[in-house]
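Results of the structural survey
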Amino acid sequence: MGGVANGPQAIFNIAPEQVRRIDVPEVCLEHGKLDPRPTVRYEIRPLSSVTDKPEVRELLKMLGKAGPKKQKQFQAAIWHVTDDRSWK
C-alpha cells in the first residue's frame, strides 16, 4: 500500500482470483438491521445503488479520513440523514 500526494489514501490492486482481508471502518445505512457478522457474505457495491443522498457520500468520505476511532459518531450522523433519527 502506498500513499498519494493529496492525502493518506491507500492504493492497492487485488486480482479477481485473490482473496484478501481489508479492515475498514463501516456504517449501517439502514437503522434496525442486524449487526454485521463474519459468517455473512457481503459484496462491494456502488454507493449510488444504495442511496442518492449526497450527505451520505460526504460523511463516508469524512469517515475514511477520520478512521475507525470515530465510527460511532459517523454512524449516528448517517442514521440521522438516512432514517431521520434524532440526535438523542
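What comes next is a walk through the structure.

Calculation rules
Residues numbered from 1 in each chain as written. Predicted model: local features only at pLDDT ≥ 70, side-chain atom pairs only at ≥ 80, totals over all residues. Heavy atoms only, no water. Helix = DSSP H or I, 4+ residues; strand = E, 2+ residues; numbered from the N terminus. Buried < 20%, exposed > 50% of the residue type's maximum accessible area, 1.4 Å probe, protein only. Contact = heavy atoms within 4.5 Å. Areas by Shrake-Rupley, 256 points an atom, 1.4 Å probe, with all protein chains shown as cover. Patch = residues over 30% accessible without salt bridge, like charges linked within 9 Å, V, L, I, M, F, W, Y side chains within 5 Å. Salt bridge = Lys/Arg side-chain N within 4 Å of Asp/Glu carboxyl O.

Details of the overall build of the protein
A count of helices and strands for the protein gives 2 helices and 2 strands. Counting every position in the protein, which comprises 88 residues, the buried fraction comes to 15%. Long-range contacts, defined here as pairs at least 24 residues apart, represent 45% of the contacts in the protein between residues at least 6 apart. Looking at the protein as shown, the accessible area adds up to about 8,000 Å², and 54% of this sits on carbon and sulfur atoms.

Focus: unusual backbone geometry
In this model, Asp84 sits at a positive phi of 55 degrees, which is unusual for a non-glycine residue. Looking at the secondary structure, you find Asp84 in the segment after helix 2 (71–83). Accessibility expressed as a relative area gives 67% for Asp84, which makes it exposed.

Description of a nonpolar patch on the surface
Taken together, the side chains of Phe12, Ile14, Ile22 and Val24 present a nonpolar region at the surface, about 330 Å² in accessible area. Considering the arrangement of structural elements, one finds Val24 in the loop between strand 2 (7–11) and helix 1 (54–66).

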